[in-house]
Amino acid sequence: MEECGLEKLTKLERLELHDNKLSAVPEAVARLGAKLKVLRLERNQLTGSGSDGKNGLRHLGQATSLTSLNLDCNEIRELGTALGACQTLELLSVADNELEMLPRVALQSCRRLRELVLSRNMLNDRALQGLAPLGSCLTMLRLDSNHLESIASLPPLKVGAC
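Starting from 1, residues in each chain are numbered consecutively following that chain's sequence as written. The predicted nature of this model means local features are confined to residues of pLDDT at least 70 and side-chain atom pairs, given and counted, to a pLDDT of 80 or more, with totals for whole chains, interfaces and linings taken over all residues. The side-chain values count all of the structure's non-hydrogen atoms but skip hydrogen atoms and water molecules.

**What about the nonpolar core?**
Right, on to step 1. Counting residues in hydrophobic clusters, the biggest one holds 41 residues, and the most contacted among them are Leu71, Leu79, Leu92 and Leu107.
Right, on to step 2. By the criteria applied, helices consist of DSSP H or I runs no shorter than four residues and strands consist of E runs no shorter than two, each listed in order from the N terminus. Mapped by element, the contributors of at least two residues to this core are helix 1 (27–32) and helix 2 (104–107).
Right, on to step 3. Top contributing element to this core by residue count: helix 1, with three residues. We define the nonpolar core as a collection of buried residues of types Ala, Val, Leu, Ile, Met, Phe, Trp, Tyr and Cys that are connected through side-chain atoms lying within 4.5 Å of one another. Note on exposure labels: buried denotes an accessible area under 20% of the residue type's maximum, exposed denotes more than 50%, and partly exposed covers the range between, all computed with a 1.4 Å probe on protein chains only.

Now the structure itself:
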């Protein structure tokens, strides 16, 4: 178990760990759980939950009060179910990674998500189906610089509350 003093910062709502060499979300993030609102982890060496057993995002599941999460410029190939408990998330940025697919299960619990940035990944047309659970939530979606040939597979975006 990773030891550090972050959990002693009982009022901590914003944690910036960008521009480091982290390969996994620190366990301390899980211990901060319901207090943490903003987490910036861009420009690290984080990996996603892959079939090779690496799961650098696993501790995000306990950060249940996050409203803003920045994972830009890492080595994330897939989101898996790591964000399942992040039901209060309003902004998610996963630009400049190695995402190829967006399984529906990856974002289905993020019903408050308004802004989603997926720029500069390797997403193809089929990957867009993973956005279906967010159809009535998103107000901003960035898909620039991916491998899209068409947006015809983009699921219908409905008007209404999530």
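**As for the sheet that holds strand 1 (residues 14–16)**
Right, on to step 1. Read from one edge of the open sheet, six strands run 1-2-3-4-5-6, paired in parallel fashion. Looking along the sheet, the strands with just one partner apiece sit at the ends: strand 1 and strand 6 (140–142). Strand-to-strand twist of the sheet, defined as the mean angle between neighbouring strand axes without regard to direction, takes the value 5°.
Right, on to step 2. DSSP calls a pair of strands paired once it identifies at least 2 bridges connecting them. Of the strand pairs in this sheet, strand 4 (residues 91–93) and strand 5 (residues 115–117) are connected by three bridges, and their pairing is parallel. Opposite serine 93, over in strand 5, you have valine 117 as the bridge partner. Helix axes are fitted to C-alpha atoms over the stretch in contact, other axes to C-alpha atoms as well, and angles between N-to-C directions run from 0 to 180 degrees.

**Details of the side chain of serine 65**
Right, on to step 1. Position of serine 65 relative to the elements: it lies in the loop between strand 2 (38–40) and strand 3 (68–70).
Right, on to step 2. Here, two residues are considered to be in contact whenever any of their heavy atoms come within 4.5 Å of each other. Contacts of serine 65, omitting those with residues within four sequence positions, involve Gly33, Ala34, Leu36, Lys37 and Thr88.

**So, the pattern of salt bridges**
In a structure, side chains of opposite charge can pair up when their charged atoms sit close to one another.
Right, on to step 1. By definition, a salt bridge exists where a carboxyl oxygen of Asp or Glu is found within 4 Å of a side-chain nitrogen of Lys or Arg. One pass over the structure, following the stated rule, counts nine salt bridges.
Right, on to step 2. A salt bridge links aspartate 96 to arginine 120, with the nearest nitrogen and oxygen atoms 2.9 Å apart. Here aspartate 96 is found in the loop between strand 4 and helix 2, whereas its partner arginine 120 is found in the loop between strand 5 and strand 6, with 24 residues between them in sequence.
Right, on to step 3. Residue aspartate 96 is classed as partly exposed on the basis of its relative accessible area, which comes to 27%.
Right, on to step 4. A cluster of three or more residues bridged by salt bridges with shared partners is formed by Arg14, Glu16, Arg40 and Glu42.

**Focus on unusual backbone geometry**
Right, on to step 1. The phi dihedral of aspartate 19 falls on the positive side, at around 60°, and the residue is not glycine.
Right, on to step 2. Within the element layout of this structure, aspartate 19 appears in the loop between strand 1 and helix 1.
Right, on to step 3. Given the relative accessible area of 45%, aspartate 19 is considered partly exposed.
Right, on to step 4. Its identity as a non-glycine residue notwithstanding, serine 145 has a phi of 60°, on the positive side.
Right, on to step 5. The topology assignment puts serine 145 in the segment after strand 6.

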